[in-house]
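For reference, the chains in residue letters:
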Amino acid sequence: MDTLDGMKTVVAVVETGSFTAAGERLSMSKALVSKYVGEVEKHLGTRLFNRTTRQLALTEAGRSYYQLALNLLEQYTAMVDKVTGEQTSPRGVLRLSAPVTFGEKTLSPLLPKFLRLYPDLQIELRLTNSAIDMLEEGIDVRIRIGGVDDSTMIARQLGSFPLLLCASPAYIEQQGLPTTPQQIADHNCIIDSNFRIGKQWPIISAQGIAHSINVSSHIAVNSPQAVREISIAGGGIGMIPAFIVEDALKDGRLIQVLPECTTLEFGLFAIYPHRQYVPRKVRCFLDFVMAELSRKTPG
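I will try to describe carefully the structure that is included in this document.

The rules behind each value
Residues numbered from 1 in each chain as written. Predicted model: local features only at pLDDT ≥ 70, side-chain atom pairs only at ≥ 80, totals over all residues. Heavy atoms only, no water. Buried < 20%, exposed > 50% of the residue type's maximum accessible area, 1.4 Å probe, protein only. Helix = DSSP H or I, 4+ residues; strand = E, 2+ residues; numbered from the N terminus. Pairing = 2+ DSSP bridges. Axes fitted to C-alpha atoms, helices over the stretch in contact; angles between N-to-C directions. Parallel < 35°, antiparallel > 145°, perpendicular 65-115°, else oblique. Contact = heavy atoms within 4.5 Å. Nonpolar A, V, L, I, M, F, W, Y, C, P; charged D, E, K, R; others polar. Disulfide = S-S within 2.5 Å. Arc of directions from axis to C-beta. Polar contact = N/O pair within 3.5 Å; in protein donor to acceptor, adjacent residues only side chain to side chain. Salt bridge = Lys/Arg side-chain N within 4 Å of Asp/Glu carboxyl O. Core = buried A, V, L, I, M, F, W, Y, C linked by side-chain atoms within 4.5 Å.

1. Focus: the pairing of strand S7 (residues 188-192)
Phase 1 of the analysis: Summarising burial for S7: five of the five residues are buried, a large majority.
Phase 2 of the analysis: Neither face of S7 is exposed, since Asn188, Ile190 and Asp192 on one face and Cys189 and Ile191 on the opposite face are all buried.
Phase 3 of the analysis: Where S7 meets strand S10 (residues 216-221), four bridges bridge the pair, whose relative direction is parallel. Bridge pairing in S10 links Ile190 to Ile219.

The structure is reproduced here in structure tokens:
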């Protein structure tokens, strides 16, 4: 067993909480993970984990080893990057996580271009709208709508996007086009239950006057993509992220309602662990995606 492999294995076990999950992260069997951990413990002459059939707990020595090993692995990565410099393409697996709709519509189409720039990298993209433990799941970068309060993480803003009021031409023809924020209350609205605002829609007029409109709704759904499709089908007025409706607005399947008004705007952030050294593969991805999204920002 290589010493670095032993350290990587122990770190993976600590962060994932099990030999099985550590093996999945490292692409090795549970048995080999157990063997490596055992060899590290034998070499040190102390136990790093207290094992039971139901639980895996760090010993005091294990906690110390984990912190020191993490620092050494970061220093090793920094050394390799510095020695190889810009002459060598970053390599290895880059594990990303993103919200489902943003990942499908915006991030996924960018990945082939990124891999053409860095062909020695492999990407594992996990799309989920649920909260995740980045360390436990071995995620290098998480794309998130909204910031993060976790002090162990760094949040780098990639951009922002507004929510737009949209409806289909057929709906507007049948129900009429609202010309003031107050008139939204007379229409059927489609609720995105991901947003805490519920049926109280904040709308700011062109004069800067803030309104809170109590809207009527027959449909609530926890997917902005579904809100988009329901709106296109004539189901009512939706409040939808701009990047999701950009194409439908261009080809006329949707019409922006009250375009002179503004509603909510969300920040788009890249979240990554707060460590002394940021791996080059992560830095390359952050710079790439920020540049690409700046070119795609609506308006």
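Having seen the structure, we can now continue with the description.
2. Overview of the packing of helix H2 (residues 19-26) against helix H3 (residues 30-44)
Phase 1 of the analysis: As a packed pair, H2 and H3 sit with axes 8 Å apart at the nearest point and diverge in direction by 105°. Here H2 is positioned roughly perpendicular relative to H3, judged by the angle of their axes. Contacts between H2 and H3 involve Phe19, Thr20, Ala22 and Gly23 on the former and, on the latter, Lys30, Val33, Ser34 and Val37.
Phase 2 of the analysis: In terms of residue class, the contact of H2 with H3 is built from four nonpolar, three polar and one charged.

3. Some remarks on the state of the cysteines
Phase 1 of the analysis: Within this structure, the stated rule accounts for zero disulfides.
Phase 2 of the analysis: The thiol sulfur of Cys166 is not disulfide-bonded, and the nearest other cysteine sulfur, from Cys189, lies at 12 Å.
Phase 3 of the analysis: You can call Cys166 buried: its relative accessible area is 0%.

4. Examining H2
Phase 1 of the analysis: Buried within H2 we find Phe19, Ala22, Gly23 and Arg25. Angular distribution of buried residues about the axis of H2 spans 160°; they occupy a single face of the element.
Phase 2 of the analysis: Looking at the buried residues of H2, the elements they touch are helix H1 (3-16), H3, strand S1 (49-51), strand S2 (56-58), strand S3 (92-98) and helix H7 (134-137).
Phase 3 of the analysis: For H2, the N-terminal cap is Ser18; the gap from its side-chain oxygen to the backbone nitrogen of Ala21 is 3.0 Å.
Phase 4 of the analysis: Positioned one or two residues after H2, Ser27 has a phi angle of 60°, which is positive.

5. Quick word on the pattern of salt bridges
Phase 1 of the analysis: With the rule as written, the count across this model stands at 14 salt bridges.
Phase 2 of the analysis: The salt bridge involving Glu41 is made with Arg51; its shortest N-O contact spans 3.0 Å. In this pair, Glu41 sits in helix H3 while Arg51 sits in strand S1, placing the two residues ten residues apart along the sequence.
Phase 3 of the analysis: A relative accessible area of 32% means that Arg51 is categorised as partly exposed.
Phase 4 of the analysis: Note that Arg91 and Asp120 form a salt bridge whose closest N and O atoms lie 3.5 Å from each other. Remark: Asp120 occurs in the loop between helix H6 (111-117) and strand S4 (121-127) and Arg91 occurs in the loop between helix H4 (60-84) and S3; sequence separation between them is 29 residues.
Phase 5 of the analysis: A relative accessible area of 54% means that Arg91 is categorised as exposed.
Phase 6 of the analysis: Residue Asp120 is classed as partly exposed on the basis of its relative accessible area, which comes to 34%.
Phase 7 of the analysis: Connected via shared salt-bridge partners are Arg228, Glu229, Asp247, Asp251 and Arg253.

6. Some remarks on the side chain of Ser231
Phase 1 of the analysis: For Ser231, the position within the fold is in helix H9 (residues 224-232).
Phase 2 of the analysis: The class of Ser231 is buried, set by a relative accessible area of 0%.
Phase 3 of the analysis: Ignoring anything within four residues of it in the chain, the contact list for Ser231 reads Cys166, Ala167, Ser168, Ile190, Gly236, Ile237, Gly238, Ile240 and Leu254.

7. Describing the nonpolar core
Phase 1 of the analysis: Within the largest apolar cluster, 55 residues are counted, with the highest numbers of intra-cluster contacts made by Ile143, Leu165, Ile184, Trp201 and Phe285.
Phase 2 of the analysis: Membership of the second largest hydrophobic core comes to 18 residues, among which are Val10, Ala22, Phe49 and Tyr66.

8. Thoughts on the environment of Tyr65
Phase 1 of the analysis: Structurally, the position occupied by Tyr65 is in helix H4.
Phase 2 of the analysis: Distance in space between the C-alpha atoms of Tyr65 and Pro119 is 34 Å, their sequence separation being 54 residues.
Phase 3 of the analysis: Once residues within four sequence positions are removed from consideration, Tyr65 is found in contact with Gly6, Met7, Val10, Val40, Leu44 and Leu48.

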